[in-house]
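# Reading the structure
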Amino acid sequence: MNLYDCKILLVDDEKALRDMVGGFLRRAGFHKVTAAADCMEAEELFALKEPHLVLLDVMLPDGDGFSLLKRLRKMSEVPVIFLSARDEDENRLRGLGLGADDYITKPFLPEELILRVTAVLKRVYRVKNMQEQELISLGGCTVDLGSGVVKWNRDAGDSGEMMLTAKEYAILQKLAQERGRIVTIDALCDAVWREENYGYENTLVVHIRRLREKIEEDPSHPKYLLTVRGLGYRLV
């Protein structure tokens, strides 16, 4: 399983925080995020979505995170990270004593959250992110995501290698994370240009064309990096 295929359930009664944390996770590549505002909704979504990780607030309108964790533990050993404004040692120890995998005190940096989430998922599920995965094979072409090098050995007998640019790398990495599935134009622009992605659709087309020139035998008739008209692109 790929790291970014993991499903995350976020439980917090503050909508602004749910939106903020969900945004952090999605920008980092975790797109399977579901949010709940209270214990009842969290239990319903837990049974429905079967998440790989729960981010859990301590103070909830219809109970508390400690009691909710006890109930979840009767159903699953899914890893849980507490997100709490309470920083007293007693609460931290209580959460960890109940079987939580980590405890993060609000406010926290986005980078800290992503690092903690990634560390727990890797430890529990032995998943890998795209930078750690093996080479991507596309017919006679092989892409090493660790070095950004494209190597090919084509039918005509010629071989060689080229480097991906930073934006080509970001595009291919995003497509590889969702391999076989459609990645929308907006999602690709967000992966490459982050928050400043408005108006880059035409520029994206240029980068896609240059990327095809490096990974396709016939860039005019691509076999691997496909256009899905009106939606986006797909790596097969």
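Everything discussed here concerns the structure shown above.
One structure accompanies this document, and this report is about it. (Residues numbered from 1 in each chain as written. Predicted model: local features only at pLDDT ≥ 70, side-chain atom pairs only at ≥ 80, totals over all residues. Heavy atoms only, no water.)

### Regarding the sheet that holds strand β14 (residues 232-235)
Basically, it comes down to this: One requirement defines pairing of two strands: DSSP has to find at least two bridges between them. By definition, any uninterrupted DSSP run of H or I lasting at least four residues is a helix, any uninterrupted run of E lasting at least two residues is a strand, and each is numbered from the N terminus. By definition, residues are in contact when any of their heavy atoms lie within 4.5 Å. Fitted lines through C-alpha atoms serve as axes, helices being fitted only where they are in contact, and the angles separating the N-to-C directions of these axes extend from 0 to 180 degrees.
Strand order in the open sheet made by the three strands is β12-β14-β13, with antiparallel pairing throughout. Only two strands of the sheet have a single neighbouring strand rather than two, namely β12 (183-184) and β13 (225-228). With two bridges joining them, β12 and β14 adopt antiparallel strand pairing. Within the sheet, the bridge partner assigned to Val183 lies in β14 and is Tyr233. This element, helix α6 (residues 166-177), spans β12, β13 and β14 of the sheet and lies at about 70° to β14.

### Let's talk about unusual backbone geometry
For clarity, the cut-off: Think of it in three bands: with a 1.4 Å probe and only protein chains considered, a residue is buried below 20% of the maximum accessible area for its type, exposed above 50%, and partly exposed in between.
A cis amide bond, omega -10°, links Lys106 with the succeeding residue Pro107. Secondary-structure assignment places Pro107 in the loop between β7 (102-105) and α5 (110-125). The phi dihedral of Glu50 is positive, around 50°, even though this residue is not glycine. Using a relative accessible area of 56% as the deciding quantity, one classes Glu50 as exposed.

### A look at the sheet that holds strand β2 (residues 33-36)
Pairing is parallel in the open sheet, where five strands are placed in the order β2-β1-β3-β6-β7. Looking at strand neighbours, the two that pair on one side only are β2 and β7, the edges of this open sheet. Each strand axis lies, on average, 20° off the axis of its neighbour in the sheet, ignoring direction. Sheet topology places strand β6 (residues 80-84) next to β7; four bridges connect them, and they run parallel. Bridge pairing in β7 places Leu83 opposite Ile104. Contacting β1 (8-11), β3 (53-57) and β6, helix α3 (residues 65-73) crosses the sheet at an angle of about 170° to β6.

Functional significance is not addressed by these values, which are geometric in nature.
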